[in-house]
Structure formats: structure tokens, C-alpha cells
Amino acid sequence: MTLSPARVPGTGPGSGPAVRRLTATLYGYAFLDDFVLLYPVYALLFSDTGLTVWQISSLFCLWSLTGVLLEIPSGAWADAVSRRLLLWFGPLLTAAGFTLWVLAPSYWAFALGFVLWGAKGALGSGALEALVYEELDRLGAADRYGAVMGRARAAGLVAVMAAMPLTGPVYAFGGYPAVGLASVLACLLTAATATRFPEHREPAGAAKDVDACREGPGDGTGEGLGDTVSNTPGDGWARTLRAGLAEARGNRSVRGALLLVPAVTAVWGALDEYTPLLVRDTGVEESTVPNWLLLIWAGATVGGLLAGAGRRLGTGGFAGLLAVSAVALAAGAWVRTPAGIGLVALAFCGFQLASVLVDARLQDRIGGTGRATLTSVAGVGTDLTTIAVYGAYGVIGSATTHGATFALFAVPYLVTAALLAVVGKGAGGKRTGGKRATRAARTSGSRARP
């Protein structure tokens, strides 16, 4: 029995109320998930509570470590149970953490809040991508996945930019409690929006049990089914985890896509945390730093919106995108002038586009039931690489300028682009992804190599 939902007859990728409901829910979920007024000021909250720089850094490490530890187990869980349930439950954890922060501000309250926030991120990572991809596939619109997720990421960035100017007035009105209350409300609205996601798949554990009931030994009275039907809730989770990891081991195309995700997403995602320092180093007034940051985030937003057109890029074109973005990052950061920030924004536009495309590339190549599991494996790779970038930046940034450090971190993208260019030539410049690759994969039971 296949666990993938059957295609809806007569539906196409162009339109339809089902597709519109799915995308509208996704965009609303993405916007509300990032419309958090605490984002611009939570570091100030920690400092005003009396935490040292070391303590604040330890909180960030705890946050990342929580995601690393829970990413793969939560992905397997998303394949075994309802993905919509996890997307609903996750924001409630963040709401609880934010409530702790403003009602009982202390190091341990902040630490518990970050653990809850990290757990929320792990629950949603993999579950969201898998749900959206399989629902689009059911509606015959899987080729729109890249464009849809690109717009969703853009919606999240727009939410961040919209929250920033609101934080100041809310803080002036009621301080951190008011900002925290607004953030908790955003989390609750995110959870409520998640209940609107359509989900037409049968959880892997339940489907397996149904198959066992139908195919297991017995005489029609129900005897003999005990050996084939598992009543242990953990069995479905363990089964989906094993199935997902087995696909990664046995399919070179999937392994390549899994490696490409952290190679593309981790470095610029970590550098984003240091962009305020980069902007300030250009000599602009400190009060104008947020305005220059808006330019960088606007560039990333545009990159998400270009994902639909970017799906037409072949391997060589994708390598060119990474190379151009890397050069723009290095040049913009190296000159250490406000004009260079425009080049950094262009680089972030390209990196955001590339990040959406590698996610779509991975989803196209996954052929088994462990879609959320494998997406979470890629997430773990990204988290671990991001932590490594944080550490490297601390060492390099202490010895040189932020502009030089940013420029140095463009080198991994140039190396990745060169490797992809070689692969593209070896494959004869064939394009990957899209309808043809996806259809061929379903027909043959294997995924085309990149």
C-alpha cells in the first residue's frame, strides 16, 4: 500500500480552490510565525536583566543545540503522525517560552524559553515542507512547490520588517511585558492558522497497521494478528526513521541533495546575525542601521519571490547564481561603504533564491515515505554547519574587520559553485527538477541524478 496521497483527478497546477486554500494558509502561517515583536529586542531584554555576554552566547548555543538534538526525531515523528498537529502544537511551545521571559525574566527562564523555541523549530522543520509538497503533489501542482515556498519565505521576511517599526511604540507603551504579550498573541494566531492546513495523507504508522491487518495471518476470526499488528506508538516513529535513513543511504541523488542544502543555506543564514555589525562598520549613523538592514532583508524577500522563475535553472545556471552571489557578498562587504550594503542585499537575494531551490531539489528527489525525516536530516546538517560558522566567525572576526570576515565567508560558495559546474558539465548540462524529473522518478522508482 502506498502512503502517498492519490492525485486528485482533473486538477491542474494552475488554479483551483484547493491550491488557493493551501497557499493562503501557508502564507498566513509564515507571516504570523515571524511577526514577533520580541525579535528586535530580546537581546536587550537579556542584557537589561543583567546577563553577561557569555551568558547570552550560551543561550544561543542552547537554542541551536536543542534544534540539532530534536531535528531528526521530530522529522520521523512528522512522518508517523499528523504533520498538521505538529505545526499547530509548535507555536504553543514558543508562546509558553515568551510568557516565561516576560513574567519571570532570569537566566534559567530564558534558557527554558530557548529550549521550547528550539523544540518548536524542530517540530515544524520537515513537517511543513513535507505537508506542502505532498498536498501540492496530490493536486497535480508539485512543480509549483519552489515558487510557493519562495513566497512563503518572503512572507516571513515581510513580517520581520513589519514588526520592527511596531516594536518601538509597543515598548514605549508597556515595556517588555507589552512586547511579550504581542509576541504571544502572534504565536497563538500562528497555531490557529495551522489548523486550516489540509492534510490528506494517512500517517505511516497507521497505514502500516492497516496493511498488517489486511495481509497478516489469521483465520478470519482475528487470531494470529498479534504478530503483525503493532500497538506500540513508538513503532511507527522508529519505522519511518529507518525508512527515511535507508533511502538516504541507498540513493546517491538524495544524498547529494541532502549535502547541498547545508552547503547553500548555512553560511549566509549565520552571517545574517552579524549584518548589524557589518552595517555599523561602514560608518553610518547608529540610528540608521535598521534602515540599512531593511535593505538587506528586502533583497532576501525578492530572492524568495523569484523562486518560481529560478526553477528553470539547470545545474550550470544554479552554479552561476551561487558564484555571482558570492562575488557580490565579497565585494559589498570588502569596500566597507554604505553603497556596498546594496551589493550585500543583492547577494542575500541570490542566496535566498538558492536556498529555496535546493529545498525544492531535495523534495523532488525523495521518493519514499520519509519525506519529513529526510528534510530534517538536511536541517541537522544546516544547524551543525551554522554552529561551525558562528565559531569560525568569532575567531576570524576578532582578528580582522567584519567586512573582511564576510568577504572570506564568500569562498565556500565559490567552491560549491565550482563543484556544481563540474557536475553540470559531466551531466551534459541537463536541467534538473520540475515536472519531467519528478514524473520520471515516480515512473522508475528512482530519482534522477543532479
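Residues numbered from 1 in each chain as written. Predicted model: local features only at pLDDT ≥ 70, side-chain atom pairs only at ≥ 80, totals over all residues. Heavy atoms only, no water.

- The protein carries the name MFS transporter in an unreviewed UniProt entry, which gives Streptomyces phaeochromogenes as its organism.

**A few points about a nonpolar patch on the surface**
Part 1 of the reasoning: A grouping of Leu408, Val411, Val415 and Leu419 is seen on the molecular surface, where their side chains present a nonpolar patch of about 350 Å² in accessible area.
Part 2 of the reasoning: Here the nonpolar patch gets three residues from one element, more than from any other, and that element is helix 18 (residues 411-426).
Part 3 of the reasoning: Its location among the elements puts Val415 in helix 18. (Patch = residues over 30% accessible without salt bridge, like charges linked within 9 Å, V, L, I, M, F, W, Y side chains within 5 Å. Areas by Shrake-Rupley, 256 points an atom, 1.4 Å probe, with all protein chains shown as cover. Salt bridge = Lys/Arg side-chain N within 4 Å of Asp/Glu carboxyl O. Helix = DSSP H or I, 4+ residues; strand = E, 2+ residues; numbered from the N terminus.)

**Points about helix 12 (residues 289-305)**
Part 1 of the reasoning: Across its 17 residues, helix 12 extends 25 Å between first and last C-alpha, which sits within 8% of the 24 Å expected from 1.5 Å per residue.
Part 2 of the reasoning: The complete set of buried residues in helix 12 reads Val289, Leu293, Ile296, Trp297, Gly299, Ala300, Thr301, Gly303 and Gly304.
Part 3 of the reasoning: Buried residues along helix 12 sit in contact with helix 7 (145-194), helix 11 (275-280), helix 13 (307-310) and helix 15 (338-365). (Expected span 1.5 Å × (residues − 1). Buried < 20%, exposed > 50% of the residue type's maximum accessible area, 1.4 Å probe, protein only. Contact = heavy atoms within 4.5 Å.)

**Side note on the packing of aromatic side chains**
Part 1 of the reasoning: Inspection of every chain in the model, using the stated rule, returns 23 aromatic pairs.
Part 2 of the reasoning: Between Phe31 and Phe35, the aromatic rings sit 5.4 Å apart at their centres with planes inclined by 20°, giving stacked as the arrangement.
Part 3 of the reasoning: Between Phe46 and Trp101, the ring centres sit 5.3 Å apart and the planes meet at 80°, which makes this aromatic pair edge-to-face. With a gap of 55 residues between them, Phe46 in helix 2 (residues 42-49) and Trp101 in helix 4 (residues 83-103) connect regions that are remote in the sequence. As far as burial versus exposure is concerned, Phe46 and Trp101 are alike and both buried. (Phe/Tyr/Trp six-rings, centres within 6.5 Å; stacked < 30°, edge-to-face > 60°.)

**Let's talk about the packing of helix 10 (residues 252-271) against helix 15**
Part 1 of the reasoning: One can describe the packing of helix 10 onto helix 15 by two numbers: an axis separation of 9 Å at closest approach and a directional angle of 160°. Accordingly, the angle class assigned to the pair helix 10 and helix 15 is roughly antiparallel. Judged by the twist between their axes, the crossing of helix 10 over helix 15 is left-handed. Facing Ser253, Val254, Ala257, Leu258, Leu260, Val261, Val264, Thr265 and Trp268 of helix 10, the residues of helix 15 in contact are Phe348, Phe351, Gln352, Ala354, Ser355, Val358, Arg361, Leu362 and Arg365.
Part 2 of the reasoning: Of the residues assigned to the contact of helix 10 with helix 15, the class counts are 12 nonpolar, four polar and two charged. (Axes fitted to C-alpha atoms, helices over the stretch in contact; angles between N-to-C directions. Parallel < 35°, antiparallel > 145°, perpendicular 65-115°, else oblique. Left-handed = near helix turned anticlockwise from the far one by under 90°. Nonpolar A, V, L, I, M, F, W, Y, C, P; charged D, E, K, R; others polar.)

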